[in-house]
Amino acid sequence: MLRGLLRLTWIETKIFLREPMGAIGTIFVPVLVFVVAGRMINSRAPAPSMSNFARVGLPVMATILIVISTVLSLVTIISIYREGGILKRLRATPLRPQTILSAHVLVKLLLTAVSLLLMFVAGKRYIPAGVHPPMVSFAIALAISTLSLLSIGFVIASIVPTARFAQPIGAIVLYPMVGISGLFVPVEAFPPALRALAHASPMTYAVSLLQGMWVGDAWSAHVGDLGALVGFFLLFTAVSAKVFRWE
């Protein structure tokens, strides 16, 4: 099983990298956003609020873009595979369904890790002086957040009708989550209805966890965020397992 998983993961990685636009959109665009925005902010004397955004908000925003690009890529690929009958043929092989889907998850986690590394290397000069993010803790938090949001991707991919509508539907679901996640405006400042909606979104907990890890918070300070992300992962994984269509 493990050998089949690793082999399929390697094959899916090569297939993905053969499509340059997909690789550019998933890996390089979020990194470019971070570098360009960081350069623009550093070229001016920022106000305190802008300084705080440059210190914490900008890297977390770039990281969230990495995750969203990864999820949208997953939704699109699964939809294309279903529409082309590839999923049906894969299921006819000795590989178990869990192995097939796990290979896609591993590919996306690998791409997320590469994007994060590139973001840190390319944008290191734009990280304000005195900020030394604990990259190991931040990477672990990113992996947890990515898994939780990938589970939403599987739900979308399970019900989306065709590959043509995959990315638009995924974008309609995911990008509004960013607006209410607390990344730009604190969740506490929202009206009650919008605040309740924010607390029902895994993106809110992902942003809180990533912000905390970036500034060096202890894991114990984000037990609630971790619990929520794991809960969303289990919920959406169970839902996608029930409704996932192979053909």
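Note: the structure precedes this text.
Note that this is a predicted model, so its numbers are computed, not measured.

Trainee: Explain the overall build of the protein chain here, please?
Mentor: Helix and strand content of the protein chain: ten helices and zero strands. Counting helices and strands in the order they occur from the N terminus, the protein chain gives α-α-α-α-α-α-α-α-α-α. Partitioning the intrachain contacts of the protein chain with sequence separation of at least 6 by distance along the chain shows that 78% fall at a separation of at least 24. As presented, the protein chain carries roughly 12500 Å² of accessible surface, and 70% of it is formed by carbon and sulfur atoms.

Trainee: Is there a simple way to think about the side chain of T112 in this case?
Mentor: Mapped onto the fold, T112 is located in helix α5 (residues 97–122). The class for T112 is buried, based on a relative accessible area of 4%. With residues up to four places along the chain from it excluded, the contact list for T112 reads I66, T70, L142 and T146.

Trainee: Is there a simple way to think about the packing of helix α6 (residues 135–159) against helix α9 (residues 202–214) in this case?
Mentor: If you want to describe how two helices pack, look at the angle between their axes and the distance between the axes. Two elements in contact, α6 and α9, have axes whose closest approach is 9 Å; the angle formed by their N-to-C orientations is 175°. By the angle class used here, α6 and α9 are roughly antiparallel. Within the contact between the two elements, α6 uses M135, S137, F138, A141, L142, S145, S148, L149 and I152 and α9 uses P202, M203, A206, L209, L210, M213 and W214. Taken together, the residues that form the contact of α6 with α9 break down as 13 nonpolar, three polar and no charged.

Trainee: Quick question: what am I supposed to make of the nonpolar core here?
Mentor: Within soluble globular proteins, side chains that are nonpolar generally end up buried alongside one another. Counting 64 residues, the largest nonpolar core has I64, I78 and M203 as the members making the most contacts within it. Among the elements that make up this core, the one with the highest residue count is helix α3 (residues 48–83) (15 residues).

Trainee: I keep staring at the packing of aromatic side chains and nothing clicks. Help me out?
Mentor: Each aromatic ring pair is specified by the distance between its two centres and by the angle formed by the two planes. Enumeration over the complete set of coordinates arrives at three aromatic pairs. Ring centres of F232 and F236 lie 5.9 Å apart, and the angle between their planes is 10°; on these two criteria the pair is classed as stacked. On the criterion of helical spacing, the pair formed by F232 and F236 is a turn pair, its members being four residues apart in helix α10 (residues 223–243). The residues F232 and F236 share a single accessibility class, namely buried. Through a chain of ring-to-ring contacts, the aromatic side chains of Y205, F232 and F236 assemble into a single cluster. Across the ring face of F244, the terminal group of R82 is positioned such that the distance to the ring centre comes to 5.2 Å.

Trainee: Honestly, α10 in this entry has me stumped. Any pointers?
Mentor: For an α-helix, the turn length of 3.6 residues means that residues three or four places apart are oriented alike. For α10, built from 21 residues, the straight-helix expectation of 30 Å at 1.5 Å per residue is met to within 8% by its first-to-last C-alpha distance of 30 Å. The set of residues buried in α10 consists of D225, A228, L229, F232, F236 and S240. For α10, the buried positions fall inside an angular range of 95° around the axis, keeping them on one side. Projecting away from the buried face of α10 at angles above 90 degrees are the exposed residues V223, L234, A241 and K242. For α10, the secondary structure elements touched by its buried residues are α6, α8 (192–199) and α9.

Trainee: Help me out: how do you make sense of a positive patch on the surface in this one?
Mentor: Taken together, R3, R7, K14 and R18 make up a surface patch of like positive charges. On the basis of relative accessible area, R7 is assigned to the exposed category, the value being 60%.

Trainee: Which parts of the structure should I look at to understand the environment of Q211?
Mentor: Summarising the element assignment, Q211 is placed in helix α9. When the C-alpha positions of Q211 and L183 are compared, they lie 8.8 Å apart, and in sequence the two are 28 residues distant.

Trainee: Would you mind showing me how to read the packing of helix α1 (residues 2–17) against α5 here?
Mentor: Close contact between α1 and α5 brings their axes to 8 Å; oriented N to C, the two are set at 55°. Taken as axis vectors, α1 and α5 run oblique relative to one another. Of the two elements, α1 crosses α5, and the hand of that crossing is right-handed. Together, G4, L5, L8, T9, E12, T13 and F16 of α1 and T99, I100, S102, A103, H104, L106, V107, K108, L110 and L111 of α5 make up the contact between the two elements.

Trainee: Even after reading the chapter, I still don't get the environment of S208, so can you show me in this structure?
Mentor: Its place among the elements puts S208 in helix α9. Spatially, the C-alpha atoms of S208 and G182 are 7.7 Å apart, while their sequence positions differ by 26 residues.

Trainee: Looking at this structure, I do not really get the side chain of S151. What am I missing?
Mentor: With respect to the helices, strands and loops of the structure, S151 is situated in helix α6. Given the relative accessible area of 2%, S151 is considered buried. Setting aside its immediate chain neighbours within four residues, S151 contacts F232, F233, F236 and T237.

How each quantity is defined
Residues numbered from 1 in each chain as written. Predicted model: local features only at pLDDT ≥ 70, side-chain atom pairs only at ≥ 80, totals over all residues. Heavy atoms only, no water. Helix = DSSP H or I, 4+ residues; strand = E, 2+ residues; numbered from the N terminus. Contact = heavy atoms within 4.5 Å. Areas by Shrake-Rupley, 256 points an atom, 1.4 Å probe, with all protein chains shown as cover. Buried < 20%, exposed > 50% of the residue type's maximum accessible area, 1.4 Å probe, protein only. Axes fitted to C-alpha atoms, helices over the stretch in contact; angles between N-to-C directions. Parallel < 35°, antiparallel > 145°, perpendicular 65-115°, else oblique. Nonpolar A, V, L, I, M, F, W, Y, C, P; charged D, E, K, R; others polar. Core = buried A, V, L, I, M, F, W, Y, C linked by side-chain atoms within 4.5 Å. Phe/Tyr/Trp six-rings, centres within 6.5 Å; stacked < 30°, edge-to-face > 60°. Lys NZ or Arg CZ within 6 Å of the ring centre and 35° of its normal. Expected span 1.5 Å × (residues − 1). Arc of directions from axis to C-beta. Patch = residues over 30% accessible without salt bridge, like charges linked within 9 Å, V, L, I, M, F, W, Y side chains within 5 Å. Salt bridge = Lys/Arg side-chain N within 4 Å of Asp/Glu carboxyl O. Lys, Arg positive; Asp, Glu negative; His and termini not counted. Charge placed at Lys NZ, Arg CZ, Asp CG, Glu CD. Left-handed = near helix turned anticlockwise from the far one by under 90°.

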